[in-house]
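The primary structure of each chain is shown beneath.
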Amino acid sequence: MTQTAPHLPAPKPTRRPDTARRILRALAGVACLPYISLKIAWVAGSEIGIPAGSVLLEHRTLLIVANSVSVVMDAVVAVLALLLTRPWGLRVRAWLLAFPLWAATGLLAPIMIGFPAQLAVSLFAGPPEPVAGGEPFLDDWVFGVVYGGFIVQGLALGTLFVLYVRDRWSHLWRGTLGDLPARLCGTGTRVTAVVASLLAVAPAAVRLMWALGSTHGLSPAQIARRTDDFYVLEWMRAAFVAVAVVAVLLLVLQRAGSWSVRTVLALAWVGSGAVGCWGAYMTLVTFMPDTDPDKTFTGLAQLTYAGEMITGFLLAGCLALFLRRRSAGA
């Protein structure tokens, strides 16, 4: 009489990073090295890439503190790339993962779009003319090396993030807006999204005003530095505000039912991150000490950056509530 083997539960599958994921992870880590190496060198006292007379050399303590923080922030990219490709990364709580990835998206996306756009414009208009009487900042090669590294980081990390979300939360982006349950978001979320959209009108209007050539609200130093690059960035930042507002409103109010949830989610994620994180960064910049009155940011500029920060974070909050309701419903 043969004995039957006791039934054993099937082992839980564990995701191991495939070759493509390992390559992307390594690429993200290597792309961090130029920026981190430069920052560490500056903290250590080196002046590589910083021309004589640069404004960066006027505040040594501030330079050390700001660059030390920058090193930590860019090192987070390497940590995120590891988290997105290891089996234990699938067990990390959503809220602990979402914020740093949202911030990384928001900080990298404008560079990934803005820097190539500036290069494209320079091909037709020629390189920007040097500002008369302007103080030097960084050698030109530094921008190419650093921003090139940022673009590679964004592409590698973004691809890993999409693959991770597909493995863990693909159910959240399936279907179209018309397939969503009626009244998925509560009244509070809808009201917040509308209020944030109304608040966004002011900073978007200022960005458009600057993009069209107005100097109102700009400091003398900002006016002197206006080149084609300046106008490219102003148009781009106004566009990010519009994308963030429209995408979040479509999700929360459940309009445009034929649009795919995946597309609108992606636009809301990138747009709110770009507006909120760069608004926060520029708000911090306005508080940095400077004894030159020509470089002092005007009240309108400070309100514009703060308005973008508030708008971006409010829209991101609405996006988070949408995803929470969507996850609970699924």
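Everything that follows concerns the structure shown earlier in this document.
Residues numbered from 1 in each chain as written. Predicted model: local features only at pLDDT ≥ 70, side-chain atom pairs only at ≥ 80, totals over all residues. Heavy atoms only, no water.

Chemist: Teacher, can you tell me more about helix α2 (residues 60-83) here?
Modeler: The first and last C-alpha atoms of α2 sit 35 Å apart over 24 residues, in line with the 34 Å expected at 1.5 Å per residue. Where α2 is concerned, the buried positions are Leu63, Asn67, Ser70, Val71, Asp74, Val77, Leu80, Ala81 and Leu83. Each element contacted by the buried residues of α2 is listed here: α1 (19-43), α3 (94-125) and α4 (140-169). (Helix = DSSP H or I, 4+ residues; strand = E, 2+ residues; numbered from the N terminus. Expected span 1.5 Å × (residues − 1). Buried < 20%, exposed > 50% of the residue type's maximum accessible area, 1.4 Å probe, protein only. Contact = heavy atoms within 4.5 Å.)

Chemist: Even after reading the chapter, I still don't get the packing of α3 against helix α7 (residues 228-253), so can you show me in this structure?
Modeler: What describes two packed helices is the angle between their axes and the distance between those same axes. Direction vectors running N to C along α3 and α7 enclose 140°, while the axes themselves pass 9 Å from each other. If you check the angle between α3 and α7, you find them oblique. The chirality of how α3 crosses α7 is right-handed. In contact with Ala109, Pro110, Ile113, Gly114, Ala117, Gln118, Val121 and Ala125 of α3, α7 contributes Asp228, Asp229, Val232, Leu233, Met236 and Phe240. Taken together, the residues that form the contact of α3 with α7 break down as 10 nonpolar, 2 polar and 2 charged. (Axes fitted to C-alpha atoms, helices over the stretch in contact; angles between N-to-C directions. Parallel < 35°, antiparallel > 145°, perpendicular 65-115°, else oblique. Left-handed = near helix turned anticlockwise from the far one by under 90°. Nonpolar A, V, L, I, M, F, W, Y, C, P; charged D, E, K, R; others polar.)

Chemist: Would you explain α1 in this entry?
Modeler: Residue pairs three or four apart in sequence face the same way in an α-helix, which turns once every 3.6 residues. Between the first and last C-alpha of α1 there are 36 Å, a value that for 25 residues agrees with the 36 Å anticipated at 1.5 Å per step. The sharpest bend along α1 reaches about 30° and sits at Leu33, with the proline Pro34 one to four residues further on. Those residues of α1 that fall on the buried side of the exposure criterion are Arg21, Leu24, Ala28, Ala31, Cys32, Tyr35, Ile36, Leu38, Lys39 and Trp42. On its buried face, α1 sits against α2 and α4. (Bend = angle between axes of the 7 residues up to and from the residue.)

Chemist: I would appreciate a short explanation of the nonpolar core in the present structure.
Modeler: In summary, soluble globular proteins display a tendency toward joint burial of nonpolar side chains. Core analysis: the largest hydrophobic core is formed by 57 residues, its most contacted members being Leu84, Leu97, Leu101, Leu157 and Leu251. Mapped onto this core, the elements with two or more residues apiece are α1, α2, α3, α4, α5 (187-211), α7, α8 (261-286) and α9 (299-329). Here this core takes 10 residues from α7, the largest share from any one element. Residues Tyr35, Leu38, Ile111 and Phe150 belong to the second largest nonpolar core, which totals 10 residues. (Core = buried A, V, L, I, M, F, W, Y, C linked by side-chain atoms within 4.5 Å.)

Chemist: Could you clarify how one ought to interpret the packing of aromatic side chains in this entry?
Modeler: Think of a pair of aromatic rings as described by two things: how far the centres are apart, and how the planes are tilted against each other in angle. Taken as a whole and judged by the stated rule, the model has 11 aromatic pairs. Relative to Trp102, the ring of Phe99 has its centre 5.9 Å away and its plane inclined at 35°; by these criteria the two rings are tilted. Pair noted here: Phe99 and Trp102 are both in helix α3, with a separation of 3 residues, about one helical turn. When its relative accessible area of 5% is taken as the criterion, Trp102 is described as buried. Judged by centre distance (5.8 Å) and plane angle (70°), the ring pair of Tyr164 and Trp169 falls under edge-to-face. Across this residue pair, the class does not change: Tyr164 and Trp169 are buried. (Phe/Tyr/Trp six-rings, centres within 6.5 Å; stacked < 30°, edge-to-face > 60°.)

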